[in-house]
Amino acid sequence: MRGQLLPRAGSPAQPTGDKAIVTGTHRARPAEETWEWIRPVLSRCGVTRVADVTWLDEIGIPVFQAIRPNAHTLSVSQGKGISAMLARVSAAMEAIELWHAEHPRVPTTTVTVERMEPALGYPLDALPLATRHFIGPDCRFDWYPATRIDGQGASYVPASLLRLDACVTGRWTPAAFRATSNGLASGNVLDEALLHGMYEVIERDASARARRYGTAEPVDLSTVDDAPARRLLELFEAAGVHVTVRALASPFRVPTFDVTITSPAFPTPFGGAGTHLDVGVALSRALTEAAQSRATAIAGARDDIGQTPYREAHFHSVNRSPAPPVAPVGARGGIDFTSIASVPLRSLSDETLHLAGRIESVTGRPPLYVDLTYPDIGIPVVHVVCPGTLSDTGH
């Protein structure tokens, strides 16, 4: 049921569908309560340690890592926030949702595309397809049951689109769909998880459009009037870090930003993006994610970092490439932050339906979700799928 937790022994008072936190982020319960709620199940989900890596960097924006040594995908999950507890919870929840995706306990139907298509409500080419896929009417796939986020019906999603498992199996599988974590999310309540998933899909869509069509405009940082975002900008400035913020145009009309940071101490650029109906939350998410990206590279523990940021840092060091000058927080240039409208909604369920409606109005198809929640764990985990949206690597 929306707005309610599944029962689990030892959990604190259950939150309602209203937002308990609306500053810097929107949550159904304070981060301290969430931590006490999820802490007993971390070992069940393979988490052996949650580490504070904030001060490996000089910025001071909280960044945490949750470690799962036996993960089937990434063994290090990142978390960020405007407070240390929010960052701790963010890292732990990302690890929890990845564990659920690696160990899905979802009923599976195996039938051909031809038989399943009438029940889908969307064309398969509206999903992220493999570059050289083999999909045809006679292909047999495993399918997960999916639910419309607006509660108005059901559908199915190819299981291979959502299965996250990088373990070597010794089997060859023909290419069909690009498995992705886009839309994978958890939350204090179901609606919170659904919102996280939809916001991520919209963010990736806006980022893809910006790269493809150049639909991004710089933001005048002197006009930022949101207090948490302003404080984050001041931390960057105090650390000598240059910040560039762009507003990404989106047909969903949800505030979306991307951020790029660099500094003389670490001239390699790092980025972050954020989306939310609350413009301040959207910017805070982008700023904290940029700080998280840099701290992650400095920590060096993430499985998928690669060598690029270190090679770039070495190149700049050897060639003494100057980093951009650090612009003061009041530096002008770009669109007025206050001209970007927020949509204030106190109820998580109202926000869920509002956002689902915006997505359907653009794609012509209702957003769906596959419920990955383990009833005996009780933490809502979903994988949101929005046919017709773009992703980081294309359709």
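Quick caveat: nothing in here was measured; it's all calculated off a predicted structure.

Trainee: What am I meant to see in the sheet that holds strand β12 (residues 335–336) here?
Mentor: Two modes of strand pairing occur in sheets, parallel and antiparallel, and in both the strands are linked by backbone hydrogen bonds. Here five strands make up an open sheet; going across it, the order is β11-β10-β9-β8-β12 and the pairing mixed. The sheet terminates laterally at β11 (270–275) and β12, the two strands that pair on one side only. Lying over the sheet, helix α5 (residues 190–213) contacts β8 (216–220), β9 (242–248), β10 (256–262) and β11, oriented at roughly 125° with respect to β11. Lying on the sheet, helix α7 (residues 279–299) is in contact with β9, β10 and β11; it crosses β11 at an angle near 150°.

Trainee: I would appreciate a short explanation of helix α2 (residues 84–102) in the present structure.
Mentor: Residues spaced three or four apart along an α-helix face the same direction, because each turn holds 3.6 residues. Across its 19 residues, α2 extends 27 Å between first and last C-alpha, which sits within 8% of the 27 Å expected from 1.5 Å per residue. Taking burial as the measure, the 19 residues of α2 include 14 buried ones, the bulk of the element.

Trainee: What's the story with the side chain of S347 in this structure? I'm lost.
Mentor: For S347, the location among the structural elements is in the loop between β12 and α9 (348–363). Take S347: its relative accessible area is 14%, and that puts it in the buried class. In this structure the side chain of S347 is engaged in a polar contact, spanning 2.8 Å, whose partner is the side chain of S349. Within polar-contact distance, the side chain of S347 engages the backbone nitrogen of D350 at 3.3 Å.

Trainee: Teacher, can you tell me more about the sheet that holds strand β3 (residues 76–80) here?
Mentor: Taken together, the three strands give an open sheet; going across it, the order is β1-β2-β3, and neighbouring strands pair in antiparallel fashion. Single-partner strands in this sheet number two, and they are β1 (49–52) and β3. Shown here is a sheet whose adjacent strand axes are inclined to one another by a mean of 25°, direction ignored. Sheet topology places β1 next to strand β2 (residues 63–67); four bridges connect them, and they run antiparallel.

Trainee: So what exactly am I meant to see when it comes to the packing of aromatic side chains here?
Mentor: The geometry of an aromatic ring pair is captured by two quantities: the separation of the ring centres and the angle between the planes. Using the criterion set out here, one finds six aromatic pairs in the structure. Ring pairing ties together the aromatic residues F134, F141, W143 and F177, which thus form one cluster. Here R29 stacks its cationic end above the ring of W37, 4.7 Å away from the centre of that ring. Lying across the ring of W35, R88 places its NZ or CZ 5.3 Å from the centre.

The rules behind these values
Residues numbered from 1 in each chain as written. Predicted model: local features only at pLDDT ≥ 70, side-chain atom pairs only at ≥ 80, totals over all residues. Heavy atoms only, no water. Pairing = 2+ DSSP bridges. Helix = DSSP H or I, 4+ residues; strand = E, 2+ residues; numbered from the N terminus. Contact = heavy atoms within 4.5 Å. Axes fitted to C-alpha atoms, helices over the stretch in contact; angles between N-to-C directions. Expected span 1.5 Å × (residues − 1). Buried < 20%, exposed > 50% of the residue type's maximum accessible area, 1.4 Å probe, protein only. Polar contact = N/O pair within 3.5 Å; in protein donor to acceptor, adjacent residues only side chain to side chain. Phe/Tyr/Trp six-rings, centres within 6.5 Å; stacked < 30°, edge-to-face > 60°. Lys NZ or Arg CZ within 6 Å of the ring centre and 35° of its normal.

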